[in-house]
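# Descriptive structure summary
Listed here are the chains, written in short residue letters.
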Amino acid sequence: WQCPEARALAAEIQTDFPALAVRVVDLDQPRVRKPAAVFAVPTFLLNGKIVSLGTPSRDDLLTRIQSLLAAREGAPNGRRQNAISAVKRTVPRP
C-alpha cells in the first residue's frame, strides 16, 4: 500500500519547496471533499492539476514540480501562490 510512502514524500516535498503550500487530503476523513481531478489514490496535484498518479520516486516528483514551476514562472501572472496536494486514503480498499 502506497499511502505511508505518499505521506512521507509529501513531507519531503514541503522541505524541498518551502514556498509551496503542501497538504495531504485523506479521503477517509469526514467532510473531506475529493479534488475534482482525482480519480485514483494516491494522486499528487500541483495547483489542482495531476502531477502523478501513484507514488512516484522522489527524484521524479522533484523534477516534475521544478519543471512545472519553471514553466509557470515564465507565464503571465505566473507568480501566484502554488499548492501541492497528496490525496490518499487511510485504509486500503479491498
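Below or above, wherever it landed, is the structure these notes cover. (Residues numbered from 1 in each chain as written. Predicted model: local features only at pLDDT ≥ 70, side-chain atom pairs only at ≥ 80, totals over all residues. Heavy atoms only, no water.)

## What to know about the pattern of salt bridges
Counting across every chain of the model gives 3 salt bridges. Several salt bridges share partner residues, and in doing so they unite Glu12, Asp16 and Arg58 into one network. (Salt bridge = Lys/Arg side-chain N within 4 Å of Asp/Glu carboxyl O.)

## Topic: a nonpolar patch on the surface
On the surface, a cluster of nonpolar side chains totalling about 320 Å² of accessible area is made up of Phe39, Ile50 and Leu53. Along the chain, leucine 53 turns up in strand β3 (residues 49-53). (Patch = residues over 30% accessible without salt bridge, like charges linked within 9 Å, V, L, I, M, F, W, Y side chains within 5 Å. Areas by Shrake-Rupley, 256 points an atom, 1.4 Å probe, with all protein chains shown as cover. Helix = DSSP H or I, 4+ residues; strand = E, 2+ residues; numbered from the N terminus.)

## Points about unusual backbone geometry
Following valine 41, the chain continues into proline 42 via a peptide bond in cis, with omega recorded as -5°. In this fold, proline 42 is placed in the loop between β1 (21-26) and β2 (43-46). Residue asparagine 47 is not a glycine yet carries a positive backbone phi of 55°. For asparagine 47, a relative accessible area of 30% corresponds to the partly exposed category. (Buried < 20%, exposed > 50% of the residue type's maximum accessible area, 1.4 Å probe, protein only.)

## As for the nonpolar core
Counting residues in each nonpolar core, the largest one holds 12 residues, listed as Ala6, Leu9, Ile13, Phe17, Leu20, Phe44, Leu46, Val51, Leu61, Leu62, Ile65 and Leu69. Secondary-structure elements contributing two or more residues to this core are α1 (3-16), β2 and α2 (58-74). Broken down by element, the residue count for this core peaks at 4 residues, all from α2. (Core = buried A, V, L, I, M, F, W, Y, C linked by side-chain atoms within 4.5 Å.)

## Some words on the side chain of threonine 43
With respect to the helices, strands and loops of the structure, threonine 43 is situated in strand β2. Under the relative-accessibility criterion, threonine 43 is labelled buried at 0%. A polar side-chain atom of threonine 43 sits 2.4 Å from the main-chain carbonyl oxygen of alanine 40. (Polar contact = N/O pair within 3.5 Å; in protein donor to acceptor, adjacent residues only side chain to side chain.)

Spatial relationships are all this shows, so hold off on functional conclusions.
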